[in-house]
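# Analysis of the macromolecular model
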Amino acid sequence: MADRAHPVTEQRHAALRSPLQTHELDTSVDVNWLRQRAKLFATVSGRDFHVVTDLAAYASISGMPYLSHYAAQVYLGPETARLRVPLMAINLKLVTTREEADRALAHETMHLVVPSYGHKAAAFARAQLLLDKVGQLTSVPT
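Our subject in this report is the structure included herewith. Every value quoted in this text rests on a predicted model; they were computed, and no experiment measured them.

In this section: the packing of helix 5 (residues 98–113) against helix 6 (residues 121–138). Closest axis-to-axis distance for the helix 5/helix 6 pair is 8 Å, and the angle between their directions is 120°. Relative to helix 6, helix 5 is oriented oblique. Where helix 5 crosses over helix 6, the handedness of that crossing is right-handed. When helix 5 is examined against helix 6, the residues D102, A106, H107, T109, M110 and V113 are found in contact with a partner set consisting of A123, F124, R126, A127, L130 and L131. Its residues placed into classes, the contact of helix 5 with helix 6 shows 8 nonpolar, 2 polar and 2 charged.

Structure (structure tokens):
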């Protein structure tokens, strides 16, 4: 198993732009903020999911090892018995800033909305669209 994502995937992920204000980008992530932010992504995507930060519990539920280089991962359930509400695991050891959390949430939410896109350019265009929509919900009127 590879211990890193494909370089093109890493580039596309890094290119995602959070709608947060500049002073918020480097702010640390706490679970409460992450859960509130995840609700925004669920709202704009029309796809509910549960956020999990306990990676051992996620691995136990999913039956899949959670690899140490994964920032985030989604689990839909077995093909024959999909979960009504999928799980999204976020690795808080790797996702330490709000900017990184926005990228991870957008990337994984995109997988929930259009799983067939994989890591194609169109997939990351969709992830950026999700970020933009979250930004529209949270922008302060001028």
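Additional details are given in the paragraphs that follow.
One open sheet holds the 3 strands; their spatial order is 1-3-2, and the pairing between them is mixed. Because the sheet does not close on itself, it has two edges, and the strands there are strand 1 (50–52) and strand 2 (72–75). Averaged over all pairs of adjacent strands, the angle between their axes in this sheet comes to 25°, without regard to strand direction. Direction of pairing for strand 2 relative to strand 3 (residues 87–90): antiparallel, over a ladder of 4 bridges. Bridge assignment links Y75 to a residue of strand 3, and that residue is L87.

What follows is about the pattern of salt bridges. Going through the model one piece at a time under the given rule, you end up with 2 salt bridges. D102 is the salt-bridge partner of R37, the closest N and O atoms lying 2.7 Å from each other. Placement of R37 in helix 3 (residues 31–45) and of D102 in helix 5 is noted, with a sequence separation of 65 residues between them. Between R103 and E99 there is a salt bridge, and its shortest N-O distance comes to 3.1 Å. Pair noted here: R103 and E99 are both in helix 5, with a separation of 4 residues, about one helical turn. Residue R103 is classed as buried on the basis of its relative accessible area of 15%. Among the residues examined, E99 registers a relative accessible area of 18% and is labelled buried.

Conventions we followed
- Residues numbered from 1 in each chain as written.
- Predicted model: local features only at pLDDT ≥ 70, side-chain atom pairs only at ≥ 80, totals over all residues.
- Heavy atoms only, no water.
- Axes fitted to C-alpha atoms, helices over the stretch in contact; angles between N-to-C directions.
- Helix = DSSP H or I, 4+ residues; strand = E, 2+ residues; numbered from the N terminus.
- Parallel < 35°, antiparallel > 145°, perpendicular 65-115°, else oblique.
- Left-handed = near helix turned anticlockwise from the far one by under 90°.
- Contact = heavy atoms within 4.5 Å.
- Nonpolar A, V, L, I, M, F, W, Y, C, P; charged D, E, K, R; others polar.
- Pairing = 2+ DSSP bridges.
- Salt bridge = Lys/Arg side-chain N within 4 Å of Asp/Glu carboxyl O.
- Buried < 20%, exposed > 50% of the residue type's maximum accessible area, 1.4 Å probe, protein only.

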